[in-house]
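Architecture at a glance
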Amino acid sequence: MAEPMTYQQAYQESIGDPEGFWMRAGRDIRWIRKPTRALDSSNPPFYQWFPDGTLNVSYNALDRHVIEGRGEQAALIYDSPVTNSKVSYSYIELLDRVAKCAGVLRVFGVERGDRVVIYMPMIPEAVITMLACARLGAIHSVVFGGFAAGEIASRIDDAKPKVVVAASAGIEPSRIVEYKPMISAALERAEHSPAALLVFQRPQAVAELGENEYDLERLMRDGSIQPAEAVEVAATDPLYVLYTSGTTGKPKGIVRACSSAVALRWSLPNLYDVGAGDVMFTASDVGWVVGHSYIVYGPLLAGATTVLYEGKPVGTPDAGAFWRIVAEHNVKALFTAPTAIRAIKKEDFDGERLAEHDISSLETLFLAGERLDPDTFEWAGRLLGVPVVDNWWQTETGWPIASSPRGLETLPLKPGSPSVAVPGYDVRALDAEGRQLPPEVEGELVIKLPLPPGTLSTVWGDDARYVDGYLSTFDGYYLTGDGGYIDEDGYIFVMGRTDDVISVAGHRLSTGSLEAVLSAHADVAECAVIGVADRLKGQLPRGLVVLKAGIPSSENPRICSELVDLVRAEIGPVAALSRIDVVAALPKTRSGKILRKTMRQIAEGTQPLVPGTIEDAGVLDALTPVLRGDPA
Ligand code: COA
Ligand code: AMP
């Protein structure tokens, strides 16, 4: 057995000898054809990992554990306070369901390389369908349940799925969200028509099915449909496409290759200290990258048990929900977003709900998705008595860029920093001219190419967008879109996005796509959306609209309320755009660029940076009381 490595040893080796480092990590994967080399750098800036390896990711997540004797162990525990149910699936049971679901998809012609769009809430069938796609070598694309018809339609048109798989409904604490009407509206709007829609019927809202629409569970129980075996695919084949917000309104399909299994499998013991038989509870959603990596693939590749939680941090039924789950299922690692911890902190500051549960199994709380503010970091650490480990990453990278690698070494934690660069990531801070900045000086955070396995291989169907959006600003570097600095000890401090992407309760949104919806309203002449700091959700969007000439101000309340409804209907309720102000004009530079950053600084009460190129300073002065929320 190899000697355990310190963080520095692992990091230096991963950067100095990526070929050797990742070939060794690849030994934990059951390959069909073993790769003879790790990195193919023959076509920069496109890099491929394990170019001649073949495998099946679903086999690695399920079959191998059954073959190796873990068949009876719990693979997935579904805990759903909103339906009052708990179901545990052993590896054998999960494998049976996945193989059956893959058999059903195959009946509809789904094969290697085909896309399947999945629109489902946090139910086992979502995980089962994802793994069933992987079993066939098909490419899944999960759409988060909080997105509405417009977002679903644009993903269907971009991914062109052979089949769409949906649930009939999602359950929010306040209401049942019927998914079927939303899917039907999206399919009506989309130009692409899939061959079939498979619906998992939930008893809370059974959907009426029309032509080419089928009941998924009924088909899975159909004895004449054979379960499907795992198909051999190339490590470079896409495992999935996950759409994320870019700076424009059009979502980008981040492509992740099957070779990502190597990175995720490596990350479980080394970053999370989670191994076979351990229980990991990732309180996120399968619609986000955190869900893909650490609810579904990561824990299952490692032979651990994953908890799938259909509920909220508070209100289902109270702020002790996470702690109940930790106690009941013996959770070792809990992973969620800072916003969830802030919600718990707000309701149970003194930890009375926590005191009702024995959380002694918990060893670490991992947080990601947005900046971890030092207050929340300290509160959670004090209350739980376990290390609170911040992770910095993105949909694009698929696994952490920066973290404190708990399985390698216990490094000191610094409030406000997600700690050090993870092995595989050569992170630098650059100035606008691409010069490397000295310690503590803030600039653009970039990663020197090649990115490690598990990161995006391209943007779906649009290599040029990958290059233009990420690789062309600084030659040889991947642009993260985050600004920040690195201190003397190599600790990274992420200060926020340098583009128009915002994070609302851990949900990544683009202000550009919100603006596209507002400007589509017949009465709107011009608009801007800015993300303003919020104590609970991290950021909240605020809309500013200029109406077309001649509309009386008595119409403003009607128009604002229509705009709020439009955003909910087009993007979805998660956008949480509830504050829209009608203003006379928007501040701009002489070249016509709207001063969104200056407006955000005023709204947040920080010192605004007003560019010298401002066209009319009077517009900004007039807007200041509105932005500050001063009484009229
Ligand atoms: N399906 C349908 N609707 C959804 C949804 C889903 N999957 N998720 C959220 N929504 C709706 C909510 O019902 C709410 O609707 P409303 O405006 O009618 O009340 C709206 O979207 C906003 O939801 P949310 O952002 O969840 O805010 P909230 O006030 O209901 O709850 C928190 C606040 C902090 C508890 C919640 O945001 C949370 O749990 N955040 C963690 C996020 C997370 O895990 N992110 C993943 C990154 S790791
Ligand atoms: P997403 O693609 O939804 O995971 O969002 C990625 C973005 O969220 C990053 O580019 C950051 O702006 C932000 N983010 C994620 N994790 C962190 C973190 N730990 N600290 C600061 N920002 C973060």
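From a predicted model like this one, the values you see are computed outputs, not experimental measurements. (Residues numbered from 1 in each chain as written. Chains lettered and ligands numbered in written order. Predicted model: local features only at pLDDT ≥ 70, side-chain atom pairs only at ≥ 80, totals over all residues. Heavy atoms only, no water.)

Attention now moves to the overall build of the chain. Within the chain one finds 18 helices and 32 strands. Judged by the C-alpha coordinates and their principal axes, the chain covers about 70 × 60 × 55 Å. The buried share of the chain, reckoned over its 632 residues, is 61%. Accessible area for the chain stands at about 24,400 Å²; split by element, carbon and sulfur atoms hold 49% of it. (Helix = DSSP H or I, 4+ residues; strand = E, 2+ residues; numbered from the N terminus. Buried < 20%, exposed > 50% of the residue type's maximum accessible area, 1.4 Å probe, protein only. Areas by Shrake-Rupley, 256 points an atom, 1.4 Å probe, with all protein chains shown as cover.)

Taken together, 24 residues surround ligand 1, and among them Glu172, Pro313, Ala505, Lys537 and Arg568 come closest. Here an oxygen atom of ligand 1 sits 2.8 Å away from a polar atom, N or O, in the side chain of Arg568. Relative to its unbound accessible surface of 940 Å², ligand 1 loses 80% to contact with the protein. Counting only elements with at least two residues in the shell around ligand 1, the list comes to strand 10 (175-178) and helix 12 (338-347). In terms of residue class, the shell around ligand 1 is built from 13 nonpolar, six polar and five charged. In terms of domain composition, the shell around ligand 1 takes at least three residues from each of domain 1 (7-311 + 391-483) and domain 2 (505-627). (Near = heavy atom within 4 Å. Polar contact = N/O pair within 3.5 Å; in protein donor to acceptor, adjacent residues only side chain to side chain. Nonpolar A, V, L, I, M, F, W, Y, C, P; charged D, E, K, R; others polar. Domains from an automatic or database assignment.)

Quick look at the sheet that holds strand 23 (residues 427-430) now. Ordered by their spatial adjacency, four strands build an open sheet running 23-24-26-27, and the pairing between neighbours is antiparallel. Each edge of the open sheet carries a strand with a single partner, namely strand 23 and strand 27 (492-497). Direction aside, the axes of adjacent strands within the sheet are offset by 50° on average. (Pairing = 2+ DSSP bridges. Axes fitted to C-alpha atoms, helices over the stretch in contact; angles between N-to-C directions.)

Moving on, we come to the packing of aromatic side chains. On inspection of all chains with the given rule, the structure shows 32 aromatic pairs. Each ring, one from Trp49 and one from Phe50, has its centre 6.4 Å from the other, and the planes form 45°; the classification is tilted. Of the two residues, Trp49 and Phe50, both sit in the buried class. With a centroid separation of 5.3 Å and 10° between ring planes, the pair formed by Tyr470 and Tyr478 is classed as stacked. The residues Tyr470 and Tyr478 share a single accessibility class, namely buried. (Phe/Tyr/Trp six-rings, centres within 6.5 Å; stacked < 30°, edge-to-face > 60°.)

This paragraph deals with the UniProt feature "domain: AMP-binding enzyme C-terminal" (unreviewed entry) in the chain. UniProt tags residues 514-593 as "domain: AMP-binding enzyme C-terminal" (unreviewed entry). Secondary structure content for residues 514-593 is 26% helix and 31% strand, while the C-alpha to C-alpha distance between its ends is 17 Å. (UniProt positions renumbered as here; feature names shortened; annotations may be inferred.)

With that settled, the discussion passes to the nonpolar core. Trp22, Leu94, Leu131, Leu198, Tyr297 and Trp399 are the most contacted members of the largest nonpolar core, which has 169 residues in total. Looking at which element gives the most residues to this core, the answer is helix 5 (residues 124-136), with nine residues. Looking at this core, you find at least three residues from each of domain 1 (7-311 + 391-483) and domain 2 (505-627). Counting residues in hydrophobic clusters, the runner-up holds 30 residues, among them Ala283, Ile341, Ala380 and Val386. (Core = buried A, V, L, I, M, F, W, Y, C linked by side-chain atoms within 4.5 Å.)

What follows concerns the site of ligand 2. Around ligand 2 there are 13 residues in total, and Asn391, Thr395, Asp482, Arg497 and Arg508 lie nearest to it. One nitrogen or oxygen atom from the main chain of Arg371 is found 3.5 Å from a nitrogen atom belonging to ligand 2. In isolation ligand 2 exposes 490 Å². Once the protein is present, 92% of that is buried. Among the elements of the structure, strand 20 (388-391) and strand 27 are those that each provide at least two residues to the shell around ligand 2. Residue classes in the shell around ligand 2 are distributed as three nonpolar, four polar and six charged.

What follows covers the sheet that holds strand 19 (residues 364-368). Hydrogen bonds along the backbone pair up the strands of a sheet, which may run parallel or antiparallel. Taken in spatial order, the seven strands of this open sheet run 5-4-17-16-18-19-20, and their pairing is mixed. The sheet is open, and its two borders are formed by strand 5 (85-90) and strand 20, each paired with just one other strand. Strand-to-strand, the axes of this sheet are offset by a mean angle of 20°, without reference to chain direction. Where strand 4 (residues 74-80) meets strand 17 (residues 305-309), four bridges bridge the pair, whose relative direction is parallel. Across the sheet, Ile77 pairs through a bridge with Val307, a residue of strand 17. Packing of helix 10 (residues 289-301) onto the sheet brings it into contact with strand 4, strand 16 (279-282), strand 17 and strand 18 (333-336), and relative to strand 17 it is tilted by some 150°. (Contact = heavy atoms within 4.5 Å.)

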